[in-house]
Amino acid sequence: MTELYSASGSKVHAHKADIFCRDETRVDWHSKALWLLREKRDRAAASIPEWEQLRQLGSELKLHTLTHLTDYLQQFEQQCQANGIVVHWAKDGQEHNQIVLNILAKHQVKRLVKSKSMLTEECHMNPFLEQHGIEVVDTDLGERIIQLANMPPSHIVVPAIHMKKQEVGELFHQQLGTKKGESDPLYLTRAARAHLREKFLTADAAMTGVNMAIADQGAVVVCTNEGNADMGANLPKLQLHSMGIDKVVPNMDAAGILLRTLARNATGQPITTYSSFYRGPQQDGEMHVIIVDNGRTEMMKDKILAESLKCIRCGGCLNTCPVYRRSGGYSYNYTIPGPIGIAVGAKEDSTHSIPWACTLCGSCTYVCPTKVPLDKIIAHHRRLKAESKALPYGKSGYMPLVGRFMASDTMMNTSMSAARLALRVLPGSLLKPFSGAWGKYRELPVAPESSFASWYAKNRSR
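In this numbering scheme, every chain counts its residues from 1 along its sequence in written order. Residue-level local features of this predicted model are given only where pLDDT is at least 70; pairs of side-chain atoms are given and counted only at 80 or more, and the full residue set underlies all totals for whole chains, interfaces and linings. Excluded from the side-chain calculations are hydrogens and water; all other atoms, namely the structure's heavy atoms, are used.

Looking now at the overall build of the chain. Helix and strand counts for the chain stand at 25 helices and 10 strands. Over its C-alpha trace the chain gives a radius of gyration of 24 Å, about what one expects of a compact globule, namely 23 Å for 462 residues. Expressed as a percentage of contacts within the chain between residues at least 6 apart in sequence, the contacts between residues at least 24 apart total 74%. Carbon and sulfur atoms make up 54% of the accessible area of the chain, which amounts to about 22000 Å² in all. Charge assignment in this entry is limited to Lys and Arg as positive and Asp and Glu as negative, and neither His nor the chain termini are counted. Charged groups are reduced to one reference atom each: NZ for lysine, CZ for arginine, CG for aspartic acid, CD for glutamic acid. Of the side chains in the chain, 55 bear a positive and 45 a negative charge, and the two mean positions are spaced by 7 Å. Only DSSP runs of H or I with at least four residues qualify as helices, and only runs of E with at least two residues qualify as strands; both kinds are numbered from the N terminus onward. Computation of the radius of gyration draws on C-alpha atoms alone. For the globule rule, the value is 2.2 Å times the number of residues to the power 0.38. The contact rule is simple, with two residues in contact once any of their heavy atoms fall within 4.5 Å. The accessible surface values rely on the Shrake-Rupley method and a 1.4 Å probe; as for residues, cover is taken only from the protein chains in view.

What follows is the structure, given as structure tokens:
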């Protein structure tokens, strides 16, 4: 795992996936763990007769909000100020980090406890604050595990899904002084709780991400299963909340619709254990909300890419994605992995490879609670890469040849006949090198007796 995480960002997705796939036992375990979440999601969705109506409502309300984003953000700011909340605006990650640093420096903060926030990961806030002498403690259990391991999250909801309990046990032994060889999840969780409790009680400030920002209330919604956001926000007097401009929703009814689908689509729960609404500072305290653009306005200029901003970060698309499940989160050259990571991060990928880390099977779109057309967006990214002459190495050369080859009935039929014969008579060890990186860790298909065209010609008159 260290080799994969430390691999240069300049390496294409296929290379990083190859590193992950070398441990076939881990790949199988990783895929099954994520598919279990997908199955739980399906059961939870099936338990709600109006599930598809909720998805449609969620899609429409997010599109409506994005269409009227300026109005709702201004309303949110006004209501926040009326509630005694200080609102800041940041155009990018650097400005966001500087705003946070200025607030913390003003209050002489030395320790910040933080609940899960993919936006702060996107802005690379932790290392920035640490460079300025501020200790940042991630308090979500999964986030704390990977922070102690000096890794970024590999999943947006279960950030340490790539680590086995034995690896966590060894990490805790080294970092927290737990018993060597102990990997019982209950024991490790209790050790983490004791470790984090001391951090909560001695923190100077707390920070959370934002799942939703309710425009007409001037309130932010934070969803956790561990209560760590509430522990942080209610102990120190200074609380900060970091949100993207796409997180705003019109009202409580809209928030209620999204809350009904968020946890069900993420982990199969009816609702997150703690769905907390913050609408003002503590007595004699301060509450700050930092609203961040960081490329979102630019994304909205493209009608297709803009739909990726409907995402509510449930992680359901990662759990169902056959590529993510078998290539791992660190194979993507962006903070957010999986289908939604490709949708929002393809422009940031210097290798131009992640739009092709997808089979376009559409499973991600099928499970999305707000109907983000992820397969359509990813296909659009491929077209944009082609139009800007930014195709990955090799594709600009061989793809036109592949197109001409597949357009020729004669060449296509002849080659498929040769392939069927080869599958029947040649050993897999000889054929696998020709299947490329994708086929390297997969079983070759059983050769059919004939092509579909031959079968159809023989049977169409029946």
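Once you've had a look at it, read on.
Attention shifts here to the nonpolar core. Core analysis: the biggest nonpolar cluster contains 32 residues, and Tyr 324, Tyr 332, Ile 336, Ile 340, Ile 342 and Leu 374 have the highest contact counts within it. Secondary structure elements with two or more residues in this core: α3 (24–46), α16 (316–320), α17 (322–327), α18 (338–345) and α20 (374–387). In terms of residue count, the dominant contributor to this core is α18 (four residues). Ignoring sequence-local partners within four residues, the contact set of Tyr 332 consists of His 13, Cys 321, Val 323, Tyr 324, Ser 327, Pro 337, Gly 338, Ile 342, Ile 354 and Ala 357. Here, nonpolar core means buried Ala, Val, Leu, Ile, Met, Phe, Trp, Tyr and Cys residues that are tied together by side-chain atoms lying within 4.5 Å of each other. Using a 1.4 Å probe on the protein chains alone, a residue whose accessible area is under 20% of its type maximum counts as buried, one over 50% counts as exposed, and one in between counts as partly exposed.

What follows concerns the packing of aromatic side chains. Ring pairs shown here join Phe, Tyr and Trp side chains whose ring centres sit within 6.5 Å, with only the six-membered ring taken for Trp; geometry is labelled stacked below 30 degrees between planes, edge-to-face above 60, and tilted in between. For the structure on display, the rule yields three aromatic pairs. Pairing Phe 452 with Tyr 456 gives two aromatic rings, centres 6.0 Å apart and planes at 25 degrees, and the pair type is stacked. Of this pair, Phe 452 and Tyr 456 both sit in helix α25 (residues 452–459), separated by four residues, roughly a single helical turn. Linked through ring pairs, Phe 452, Trp 455 and Tyr 456 together constitute an aromatic cluster.

Attention now goes to the pattern of salt bridges. Pairs can form between side chains of opposite charge once their charged atoms are near each other. Whenever a carboxyl oxygen of Asp or Glu lies within 4 Å of a side-chain nitrogen of Lys or Arg, that contact is scored as a salt bridge. If you walk through the whole model with that rule in mind, you get 17 salt bridges. Residue Arg 22 pairs with Asp 18 through a salt bridge whose shortest N-O separation is 3.6 Å. Since its relative accessible area comes to 46%, Arg 22 is described here as partly exposed. A relative accessible area of 15% places Asp 18 in the buried class.

Let us look at the side chain of Glu 122. Relative to the assigned elements, Glu 122 resides in helix α7 (residues 118–122). A relative accessible area of 12% means that Glu 122 is categorised as buried. Among the polar contacts made by the side chain of Glu 122, one reaches the side chain of Asn 294 at a distance of 2.7 Å. Any pair of nitrogen or oxygen atoms within 3.5 Å is treated as a polar contact; in protein, a donor-acceptor pairing is required on top of that, and neighbouring residues in sequence qualify only through side-chain atoms on both sides.

Once that is clear, we can look at the domain arrangement of the chain. According to the domain assignment, the chain contains domain 1 (1–47 + 315–407), domain 2 (70–139 + 204–302) and domain 3 (408–459). The split of the chain into domains comes from an automatic or database domain assignment. Taking only C-alpha atoms, the centre of domain 2 and the centre of domain 3 are 53 Å apart.

Quick look at the environment of Thr 351 now. Mapped onto the fold, Thr 351 is located in the loop between α18 and α19 (363–367). The class for Thr 351 is buried, based on a relative accessible area of 9%. Polar contacts involving the side chain of Thr 351 include one to the side chain of Asp 349, which spans 2.8 Å. Separated by 2.7 Å, the side chains of Thr 351 and Ser 353 make a polar contact.

What follows covers helix α11 (residues 185–201). Since the α-helix packs 3.6 residues into each turn, any two residues three or four apart lie on the same face. Compared with the 24 Å implied by 1.5 Å per residue over 17 residues, the 24 Å span of α11 between its first and last C-alpha is a close match. Along α11, the residues that are buried comprise Leu 188, Ala 191, Ala 192, His 195, Leu 196, Lys 199 and Phe 200. Tucked inside the fold, the buried residues of α11 contact β2 (111–114), β3 (135–138), α9 (141–148), α10 (165–176) and α12 (228–234). One fewer than the residue count of a helix, multiplied by 1.5 Å, yields its expected span.

Strand pairing is assigned whenever DSSP detects at least two bridges linking the two strands. Sheet architecture is open: six strands sit in the order β1-β10-β7-β4-β2-β3, paired in parallel fashion. Taken across any chain shown, the strands that pair with only one partner, and hence form the sheet edges, are β1 (86–90) and β3. In this sheet, neighbouring strand axes are inclined to one another by 20 degrees on average, regardless of whether the strands run parallel or antiparallel. As a rule, the C-alpha atoms of each element are fitted with a line to give its axis, helices using only the stretch in contact, and angles between N-to-C directions run from 0 to 180 degrees. Running at roughly 145 degrees to β1, helix α5 (residues 69–82) makes contact with β1, β7 (238–244) and β10 (286–292) of the sheet.

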